[in-house]
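Survey of secondary and tertiary structure
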Amino acid sequence: MSGHVVSVRTNITIFVALLILLFATVGAAYLPLESLHLPLALTIAAAKAVLIGLFFMHLYYRHHLTWIVSVASLLWLGILLALTLSDYLSRGWLDIPGK
Amino acid sequence: METVTTHRASGPPAAPSDEPILEVQFDDLEQQHEASSVGMWVFLATEVMFFGGLIAAYAVYRAISPSEVALASQHLNVGLGCLNTVILLGSSLSMALAVRAAQLQSRRNLLWFLAITAALGACFLGVKAVEYYQEYREHLIPGWNFQIPAQVAAKSSSLPLDPRRFEMFFVLYFFMTGLHAFHLIVGIALVSVMALLTWRRWFSGSGETQIEVTGLYWHFVDVVWVFLYPLLYLIDVQS
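Because the structure is a prediction, the values reported are computed rather than measured.

1. Let's talk about the domain arrangement of chain A
Residue and element names in this part refer to chain A. The domain boundaries assigned to chain A delineate domain 1 (1-62) and domain 2 (63-99). When each unit is reduced to the centre of its C-alpha atoms, the spacing between domain 1 and domain 2 is 24 Å. At the junction of the two partners, domain 1 supplies five residues and domain 2 supplies five residues. For the pairing of domain 1 and domain 2, the buried interface totals around 380 Å² over both sides, and the portion due to carbon and sulfur atoms is 67%. The tally of links between domain 1 and domain 2 comes to zero salt bridges. Linking domain 1 with domain 2 are one residue pair in polar contact (both at pLDDT 80 or more). For the side of domain 1 that touches domain 2, the residue count by class is four nonpolar, no polar and one charged.

2. Notes on unusual backbone geometry
All names here are of chain B. Of note in this structure, Gln105 is not a glycine but carries a positive phi near 60°. Within the secondary structure, Gln105 sits in the loop between α3 (78-103) and α4 (107-137). Given a relative accessible area of 38%, Gln105 falls into the partly exposed group. Of note, His139 is a non-glycine position whose phi angle comes to about 60°, a positive value. Tracing the backbone shows His139 in the loop between α4 and α5 (150-158).

3. Remarks on the interface of chain A and chain B
Taken residue by residue, the interface counts 49 residues in chain A and 52 residues in chain B. Overall, the association of chain A and chain B removes approximately 4,400 Å² of surface from exposure, summing both partners, and the carbon and sulfur fraction of that is 77%. Between the two partners, chain A and chain B, sit two salt bridges. A salt bridge links Arg62 of chain A to Glu34 of chain B; its shortest N-O distance comes to 3.3 Å. Between chain A and chain B we count seven residue pairs in polar contact (both at pLDDT 80 or more) in total.

4. With respect to the confidence of the model for chain B
Predicted confidence across chain B gives a mean pLDDT of 89, with 92% of residues reaching 70 or more. Counting contacts from residues 10-15 of chain B, a segment whose pLDDT is below 50, to residues more than four positions away or on other chains yields zero contacts.

5. Some points on the side chain of Ser73 of chain A
Tracing the sequence through the fold places Ser73 of chain A in helix α3 (residues 64-90). By relative accessible area, Ser73 of chain A is classed as buried at 6%. In this view, Ser73 of chain A contacts Ala45, Val48 and Met49 of chain B; residues no more than four positions away in its chain are not counted.

6. Observations regarding the nonpolar core
Residues and elements named next belong to chain B. Counting 89 residues, the largest nonpolar core has Leu114, Phe169, Phe170, Tyr229 and Leu232 as its most contacted members. Looking at this core, the element that brings in the most residues is helix α7 (residues 208-233), giving 16 residues. If sequence neighbours within four positions are ignored, Leu114 has contacts with Met95, Ala98, Val191, Met194, Ala195, Thr198 and Ile211.

7. Brief notes about a nonpolar patch on the surface
Residues Leu75, Trp76, Ile79 and Leu83 of chain A together with Met49 of chain B make up a contiguous nonpolar surface patch of roughly 500 Å² in combined accessible area. Looking at which element gives the most residues to the nonpolar patch, the answer is α3 of chain A, with four residues. One can find Trp76 of chain A in helix α3.

8. Brief notes about the state of the cysteines
Residue and element names in this part refer to chain B. Counted according to the given criterion, the structure contains zero disulfides over all chains. Counting only cysteine sulfurs, Cys123 is the nearest neighbor of Cys82, a cysteine outside any disulfide, at a range of 15 Å. Here Cys123 falls in the partly exposed class, since its relative accessible area comes to 40%.

9. Thoughts on the packing of α3 of chain A against helix α1 (residues 29-64) of chain B
Where α3 of chain A meets α1 of chain B, the axes come as close as 9 Å, and the angle between the chain directions of the two elements is 15°. In this view, α3 of chain A runs roughly parallel relative to α1 of chain B, as classed from their interaxial angle. Both α3 of chain A and α1 of chain B take part in a crossing whose hand is right-handed. The residue makeup of the contact of α3 of chain A with α1 of chain B, split by class, is 20 nonpolar, six polar and one charged.

10. Some remarks on helix α1 (residues 8-29) of chain A
Look at α1 of chain A: 32 Å from first C-alpha to last across 22 residues, which is about the 32 Å you get at 1.5 Å a residue. By the burial criterion, the buried members of α1 of chain A are Asn11, Ile14, Phe15, Leu18, Leu19, Leu22, Thr25, Val26, Ala28 and Ala29 of chain A.

11. Describing the confidence of the model for chain A
When pLDDT is averaged along chain A, the result is 89; 94% of the residues meet or exceed 70. Mean pLDDT values for the elements of chain A range from 92 in α3 of chain A up to 95 in α1 of chain A.

12. So, the packing of aromatic side chains
All chains considered together, the criterion is met by 20 aromatic pairs over all chains. Three or more aromatic residues link up through ring pairs in this structure, and these residues are Phe124, Tyr132, Phe146, Phe166, Phe169, Phe170, Tyr173, Phe174, Trp225, Tyr229 and Tyr233 of chain B. Against the face of Tyr88 of chain A rests Arg91 of chain A, its NZ or CZ located 4.4 Å from the ring centre.

Analysis parameters
Residues numbered from 1 in each chain as written. Chains lettered and ligands numbered in written order. Predicted model: local features only at pLDDT ≥ 70, side-chain atom pairs only at ≥ 80, totals over all residues. Heavy atoms only, no water. Domains from an automatic or database assignment. Contact = heavy atoms within 4.5 Å. Buried area = accessible area lost by both parts, 1.4 Å probe. Salt bridge = Lys/Arg side-chain N within 4 Å of Asp/Glu carboxyl O. Polar contact = N/O pair within 3.5 Å; in protein donor to acceptor, adjacent residues only side chain to side chain. Nonpolar A, V, L, I, M, F, W, Y, C, P; charged D, E, K, R; others polar. Helix = DSSP H or I, 4+ residues; strand = E, 2+ residues; numbered from the N terminus. Buried < 20%, exposed > 50% of the residue type's maximum accessible area, 1.4 Å probe, protein only. pLDDT = per-residue confidence, 0-100. Core = buried A, V, L, I, M, F, W, Y, C linked by side-chain atoms within 4.5 Å. Patch = residues over 30% accessible without salt bridge, like charges linked within 9 Å, V, L, I, M, F, W, Y side chains within 5 Å. Areas by Shrake-Rupley, 256 points an atom, 1.4 Å probe, with all protein chains shown as cover. Disulfide = S-S within 2.5 Å. Axes fitted to C-alpha atoms, helices over the stretch in contact; angles between N-to-C directions. Parallel < 35°, antiparallel > 145°, perpendicular 65-115°, else oblique. Left-handed = near helix turned anticlockwise from the far one by under 90°. Expected span 1.5 Å × (residues − 1). Phe/Tyr/Trp six-rings, centres within 6.5 Å; stacked < 30°, edge-to-face > 60°. Lys NZ or Arg CZ within 6 Å of the ring centre and 35° of its normal.

The following block contains the structure:
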């Protein structure tokens, strides 16, 4: 058929890896990491999303067009977050009256 | 696909068979499948922006009021959130196996995996309902029965805490998890319809494209939860 058939073994390996990453993120939340909590949690979440995307959603076996569409969504999300946060985070930098 | 396929428009109407129908606008089955798949990915890209608005609002509130967000997050149930993540990851595994069964034309396995996927989705909603009920009991639902918890009110006299920012975390929590739960309800409905159509032998072929596209949606909802769990539940669990 059209499309790559992912083996049961690969699917279960990915599932186990996702569970390990889940317990890693819960464990990391209890470590005294202070300001590193958020970057670490987001990194682990991104790793899980990549595993799900590549193997459960078959991106690994897909045409490049699908790759472009999936990455474009992240690009737009990045623009949204970067422009919004650049406003809010920089508001206190300059002492401008009436801001 | 090696076997010869007929266009629906030409020749006699095909008797119910296990061969996929090639619509006239496509060159071959491969292209037809690819069009559906890319179309679903474009829809998912718009869904990223749908959730993106809430995630941007969350990022702003977390950036400008980190202590209130951390304090409010401690009122969520980390254990139930973790259980729900396991359930949802399990449902994604089941959905991936359902797609595999559809590709291999294994109707019986396909029906089983679709049923398991929908059941695990329903389990997730059940656990979510228990959580919402706990938050209702603790008076943490904004606009309905919200009260600043006593220990937080005691702290806010000594610390510079803004109770409205504390409440805003719960507004974001209910909107983000609520929108996610709504997507899951849609997902369960889709999977159930696919299971029914498979049961009725409605698909030409084994419904491989349809099941795979449904799977893409299901996995997307899973990915959203993968981000929501640490962002909402695991902010400050130590204190």
